[in-house]
Each structure stands twice: as structure tokens, then as C-alpha cells.
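Observations on the three-dimensional arrangement
So you can see what is in the structure, the chains are spelled out below.
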Amino acid sequence: MKRLILAPFLVLLLALSAPAFAQNAPSPGSSRGTVNAEEMELQRMLQGGRVEGRTTIPDARSEVLIQPQGKAWRDFHNVTLAWVGGIAVGGMLLILIAFYLTRGRIMVEGGLAGRTISRFNMLERVNHWMVASSFIVLGLTGLNLTFGRYVLLPIMGPYAFADVSLWGKIAHNFVAFPFTLGIVVMVLLWVKDNIPNGRDIEWFKMGGGLIGKGHPKAGRFNGGQKMIFWITVLGGGIVAASGYFLIFPFWGEFGVADMQLAHIIQSVLSVLMVAAMIAHIYIGSVGMQGAFDAMGSGEVDLNWAKEHHPLWVEQEMAKARQVVSPTGVKPAE
Ligand code: HEM
């Protein structure tokens, strides 16, 4: 009887002490255990080869202990990616600083009209901000996965960094879903206005009116904006797909090497997208007078619209003239 009463306490005691035992046990890579020495011996034996064993798990892919692509991937993760990211993001920041210093803020040349035209409805704006805010969360938490240990760990110490990284990883996985949804809605809303055409080539030839003088004629979206659209939906789509591949690993016949490839695609595209979005955010906010209103209130100044999207303004005016009232044709309000 006494034993029966004590049994639950004994189980509880064992359960509570398990983490402590685990802390004392040598962990992989720990300098206290023998694992490091064994690992080094294994590395020597390996000389870049592949080590496989036998496991009781039915999935044969779990039997691969070491594979040469892993080393290549680690070099990519620790060295190449930092360079690609540093050059893309740092280079873009330098270009924007140089652009701001030489060109300054792009103003509405004819001055503000004081009258506005509706550019984006509520659905378009809410969806844009959902994509934008989730992209920023994904970007920051993703950068922490790659660079956090070099940048944040020395500043905040191991405990705070562990918390930040844990919650960051959880956020990274879950925020992927609203991001993907936003991309799909963006395609449905905007793809028809983003089909490339000959005018976009003219737009690029004239530097979009940002470099040099003159305003190339553009419809609802100009060449630069179409580029941002396709970077967002194609880049974002591939990044999302490769991300789901990593969240739900080992689909079908795919193995560790495929996961590493998915990670390389995901991380390179992500840092390139971050660089492109820095330029987009600059032009959409401080870089151009009147631009932010399009995604803020949804209403833009008429002169801004005529300078940057004259063909679109003409279309909107024509539509307004076609609005039929019971008394005949009247202009929209
Ligand atoms: C967080 C800061 C951001 C600001 C201030 C901003 C601002 C803007 C503005 C003002 C527009 C409308 C431009 C127009 O009148 O046509 C716009 C459009 C757009 N934004 Fe953003 N945006 C931001 C972030 C993002 C991010 C992170 C993405 C994608 C991941 C994105 C994707 C787009 C796309 C695809 C369009 C339509 C094409 C274009 O106009 O360039 N935006 N944004």
C-alpha cells in the first residue's frame, strides 16, 4: 500500500530530474563528452565521403549520418550567403543613398492639384499591408536564423538570444501562411494590370523619369512597378514553396540533399527580395512626394497621377464619363 502511494511521487521526481540528467550527459559537439573526439576521428576517416549505418526507423533516409553535400551546404550557409546578402542589401543601400544625394526627393513637378483620384480600394490596401508586414517579420526572423548568432548573441547573451530565436522561428513558420495568402490575392487583384508591354521598355529606356528628365507614359502600373509585382509574386511564391518544403520535410522521395537545395534557393531569393523591397519601400515613402497616399488613404493627388500614370488617369476619366444615371450620362463624383 505504502509503495502504491509513493509510486506517483517517484515518477514525478524522476520526470523532474530528467532535464538535469540530460544537461549532464555529453551533448553532440560538447567539449565535455567524447563525441567531439569521435566526430573528429570520423571526419578523418571520411575524407569527404558518405557515412551510412542502420537504424530501426523504417525510413531508409534516416540511415545517412554524414553526406558530403552537408559540408558544401554549411560553407554556403556560413560564408557565401553572408556575402550574397551583404553585397545585395549593402549595395542597394549605397545606391539609394547616392540617388537621394544626387536626385533628392522626387517632387510633383506641376505642384499638388489639391484634388484626388482613387487609386487602391480597401481590399487592395489591406492585402498589400498584410504582404508587407508579414514579409518584414519573415525577413527579420529569417535573417536571425542565419546571422543572429554573430550579431545578436554577443549583444543579448545566450538566454535572451535563445528566447528570441525560439519565438522568431515559430513566427517565421506561422507568418508564412498570411504571406502566401496575400501573394495569391495580389495575383488575383493585380495581374491583369501587370502584363508587360512595349511601353515598359520605353519606361526603362527613359530611366522611368527618375533618372534624367521627362515622364514616360504609363498605365496603372509602370515598368518599375511591374518589376516589383513580379519579384513579389514569383520570388515570394518560390520562397514560400521552398519554405513549406522545409517546414514539412521529406516529401516523397526527397532527401537531405534536396532540403539543402531548397534552403539555398529560399535564402538566396529572400536576400535578393529584401534588397529589391528596400528600393520599393524608399520610393513608396520618403523617396517620392505623394506616393505613400496610394497605400495610405487610397487617394492620390491628381497631378501626381497625371505625371506618373497618365494613361491610367485617361482610362479612369473615360470610365467616369460612362457612368450612366437615370437622367443620362454624368461624370462620377
Ligand atoms: C513596408 C513598407 C512599404 C511601403 C511604404 C510600401 C508602399 C507602397 C506603395 C505606396 C505602393 C503603391 C504605388 C503605386 O501607387 O502604384 C505599393 C505597391 C506595391 N507594393 Fe509596397 N510598400 C511596402 C512594402 C512592400 C513589401 C514588403 C512588398 C512585397 C513583399 C510590397 C509589394 C508591393 C507591390 C507588389 C505593389 C504593387 C506594384 C507597385 O506599385 O510597385 N510592398 N507599395
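Residues numbered from 1 in each chain as written. Predicted model: local features only at pLDDT ≥ 70, side-chain atom pairs only at ≥ 80, totals over all residues. Heavy atoms only, no water.

**Concerning the site of the ligand**
Of all residues adjacent to the ligand, which total 24 residues, the nearest are Arg 119, His 128, Gln 225, His 280 and Ala 294. Side-chain polar atom of Arg 119 to an oxygen atom of the ligand: 2.7 Å apart, as the coordinates give it. Here a nitrogen atom of the ligand sits 2.8 Å away from a polar atom, N or O, in the side chain of His 128. Elements with a minimum of two residues in the shell around the ligand: helix 4 (122-151), helix 5 (153-190), helix 7 (223-247), helix 8 (256-284) and helix 9 (293-296). Looking at which element gives the most residues to the shell around the ligand, the answer is helix 4, with six residues. Across the shell around the ligand, the residue classes break down as 18 nonpolar, five polar and one charged. (Near = heavy atom within 4 Å. Polar contact = N/O pair within 3.5 Å; in protein donor to acceptor, adjacent residues only side chain to side chain. Helix = DSSP H or I, 4+ residues; strand = E, 2+ residues; numbered from the N terminus. Nonpolar A, V, L, I, M, F, W, Y, C, P; charged D, E, K, R; others polar.)

**So, a nonpolar patch on the surface**
A cluster of nonpolar side chains, Leu 166, Trp 167, Ile 170, Phe 174, Phe 177, Phe 248, Trp 251 and Phe 254, forms an exposed patch at the surface whose accessible area comes to about 880 Å². Its place among the elements puts Trp 251 in the loop between helix 7 and helix 8. Trp 251 sits in the partly exposed class, given a relative accessible area of 44%. (Patch = residues over 30% accessible without salt bridge, like charges linked within 9 Å, V, L, I, M, F, W, Y side chains within 5 Å. Areas by Shrake-Rupley, 256 points an atom, 1.4 Å probe, with all protein chains shown as cover. Salt bridge = Lys/Arg side-chain N within 4 Å of Asp/Glu carboxyl O. Buried < 20%, exposed > 50% of the residue type's maximum accessible area, 1.4 Å probe, protein only.)

**Things to note about the side chain of Gln 289**
Along the chain, the position of Gln 289 falls in the loop between helix 8 and helix 9. A polar side-chain atom of Gln 289 sits 2.8 Å from the main-chain amide nitrogen of Val 108. Those residues in contact with Gln 289, other than ones at most four positions away along the chain, are Arg 105, Ile 106, Met 107, Val 108, Leu 112 and Trp 304. (Contact = heavy atoms within 4.5 Å.)

**Here's the deal with the packing of helix 5 against helix 7**
In contact at an axis separation of 10 Å, helix 5 and helix 7 are set at 145° when each is read in the N-to-C sense. Between helix 5 and helix 7 lies a crossing of left-handed hand. Residues Asn 173, Ala 176, Phe 177, Phe 179, Thr 180, Ile 183, Met 186, Val 187 and Trp 190 of helix 5 touch helix 7, and the partners they reach there are Phe 229, Thr 232, Val 233, Gly 236, Ala 240, Tyr 244 and Ile 247. Classifying every residue of the contact of helix 5 with helix 7 gives 12 nonpolar, four polar and no charged. (Axes fitted to C-alpha atoms, helices over the stretch in contact; angles between N-to-C directions. Left-handed = near helix turned anticlockwise from the far one by under 90°.)

**Quick notes on helix 6 (residues 198-205)**
Of the residues flanking the start of helix 6, the one acting as N-cap is Asn 197, its side-chain oxygen 3.0 Å from the backbone nitrogen of Arg 199. Downstream of helix 6 by one or two residues, Gly 207 has phi in the positive range, about 60°.

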